[in-house]
Every structure is written in C-alpha cells, then in structure tokens.
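Below, each chain spelled out in residue letters.
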Amino acid sequence: METVFLILTLLFVAFMALGVYAGVKAVRAAKRGVDRTITQARRSVEDTALRAKSYGQPGVPGELAQLRLALRTSMRATQDALNARAAEDASLSESLGLFERLSVHGRELDDDLKRLEREPDRATVATLLPGLRERTERITHSAESLRWAARDRARQFADDDLAALNAQIDLEAGALRHWTTEEPAAPRATAGHSWSGPADQEQPPSLTPPDPRLHAGYPWQKSARPETTN
C-alpha cells in the first residue's frame, strides 16, 4: 500500500512539474511574440519618421534621414532574402555569417547617424556627410551583393531543374507517340478465336511512375464538381 501511495505521489509531482514547465514555456513564447510585435511596430514608426524627414526637411537633417533609410532598407531586404533561402540551401550559412559581420558595421553607422540627427552644430555635421555617405554606400553595396548572389543562385537552381524536367517530358512525349514511327502488323485470325477488341490490346507502358504531387492543388487548377445522386 505504501508503494502504491509513493508511486501516485511521484506521478502527481511529475505532472505538476510538467505543467509548470509547459506554463513557463508558454509565457516565454508569448513574451517573445509580444517583443517581436513591439520591435516591428517601433521599426515601422521609425521608418515612417525617416521618410517624412528625408522628404520634408532640407539640408543636413534630410540627408541624414536619407542615409539611415537607405541603410535600413538595404540591410533588411538582404536579411529577409538570406533567411528565406537558408533553410533550403545549406551553402548560404557562410553568407549569413558574413552578413552578421556586416550588420555590426551597419548598426554602428546607424547609431552614428542617429546621434548626428540631434547634433545642434549643423556646420560640423555637414563636413562629416561625405564620409558618412561613403560608409553607407560601402555597406549597402556589400549587402546588395549578398542579396543578389543568393537570388541568382536560387534562380539558377530553378532553371536547371526546369531544364531537366523539360527533357524528361520530351522523352515521355516521344514514348507516348511511338505508334507514329512504327508500322503495326496486320492482325491475323485464328480458327476458333475471335478478333481481339481494343480492351485486349496492351497499352504502351509509361516511362515514369505516377507522381504523387499530381494530387496537389495548383492556383490554375479548377476544383471538380461533386457528383449528385438521385
């Protein structure tokens, strides 16, 4: 009896611990979701403010805003492009590492530009603009090189796959039309047997097995109407 009671107590404690662990993970996941939402909202507000400054404020403030906006837009586009393809292409891991190193320089430049926006000495800031512009162009150029290289790589893979698929389809189409190049032999009747009908004739075999992806839907595929019974 004591053994049963001990086992039940251990099970109860284990279930309680599991419930607490699951609750903590759920709370942390919810907090991460809230943090991401807040971060994205803050970035959207900052981007909107930078666009307003770049078009609405002339001179040094407007140019600083243009540099920050160009930097942030280029870096974000490159990050999205690399992350979207990294799961399918392991070769992009090195590119992601290079982008992380580039992001360090991008954050430093963005911080410098942000501080200079609050600098009251506009004349001094104006003398720094050529160097800041050059740093921005170097970082955005590197980001764009990574982004377009990843896109060209993905497009080349897609082109190679399409070329192989076209060749396979051409081969299959030629096999399906094999009767156009072969002269069929005249059928002969045998005593006690009738002529074989179309259902008895052997169908030409397919070179490839059925593709299970054919059952998947596509945007251009019409859905079949359900059959009705009387």
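Residues numbered from 1 in each chain as written. Predicted model: local features only at pLDDT ≥ 70, side-chain atom pairs only at ≥ 80, totals over all residues. Heavy atoms only, no water.

### Quick word on the confidence of the model for the protein
Overall, the predicted model of the protein reaches an average pLDDT of 76, with 69% of residues at or above 70. Looking over the protein, one finds the lowest element-wise mean pLDDT in helix H1 (residues 2–56), namely 71, and the highest in helix H3 (residues 93–117), namely 92. Predicted confidence is poor over residues 193–200, with pLDDT under 50, and the contacts of this stretch with residues over four places away or in other chains come to four contacts. (pLDDT = per-residue confidence, 0-100. Helix = DSSP H or I, 4+ residues; strand = E, 2+ residues; numbered from the N terminus. Contact = heavy atoms within 4.5 Å.)

### What to know about the nonpolar core
Formed by 19 residues in total, the largest nonpolar core has its most connected members in Leu-64, Met-75, Leu-109, Leu-113, Leu-129, Leu-132 and Ile-139. Elements with a contribution of two residues or more to this core: helix H2 (59–86), H3 and helix H4 (122–176). At seven residues, the largest contribution of residues to this core is made by H4. Here Leu-129 is in contact with Val-60, Glu-63, Leu-64 and Leu-67, once residues within four sequence places are set aside. (Core = buried A, V, L, I, M, F, W, Y, C linked by side-chain atoms within 4.5 Å. Buried < 20%, exposed > 50% of the residue type's maximum accessible area, 1.4 Å probe, protein only.)

### A closer look at the pattern of salt bridges
All chains considered together, the criterion is met by eight salt bridges. Arg-68 is the partner of Glu-117 in a salt bridge, and the nearest nitrogen-oxygen pair spans 3.2 Å. Separated by 49 residues along the polypeptide, Glu-117 in helix H3 and Arg-68 in helix H2 bring together distant segments of the chain. Assessed through its relative accessible area of 5%, Arg-68 is described here as buried. Among the salt bridges present, the one from Arg-153 reaches Asp-89, with a minimum N-O distance of 2.4 Å. Placement of Arg-153 in helix H4 and of Asp-89 in the loop between H2 and H3 is noted, with a sequence separation of 64 residues between them. Here Arg-153 falls in the partly exposed class, since its relative accessible area comes to 32%. (Salt bridge = Lys/Arg side-chain N within 4 Å of Asp/Glu carboxyl O.)

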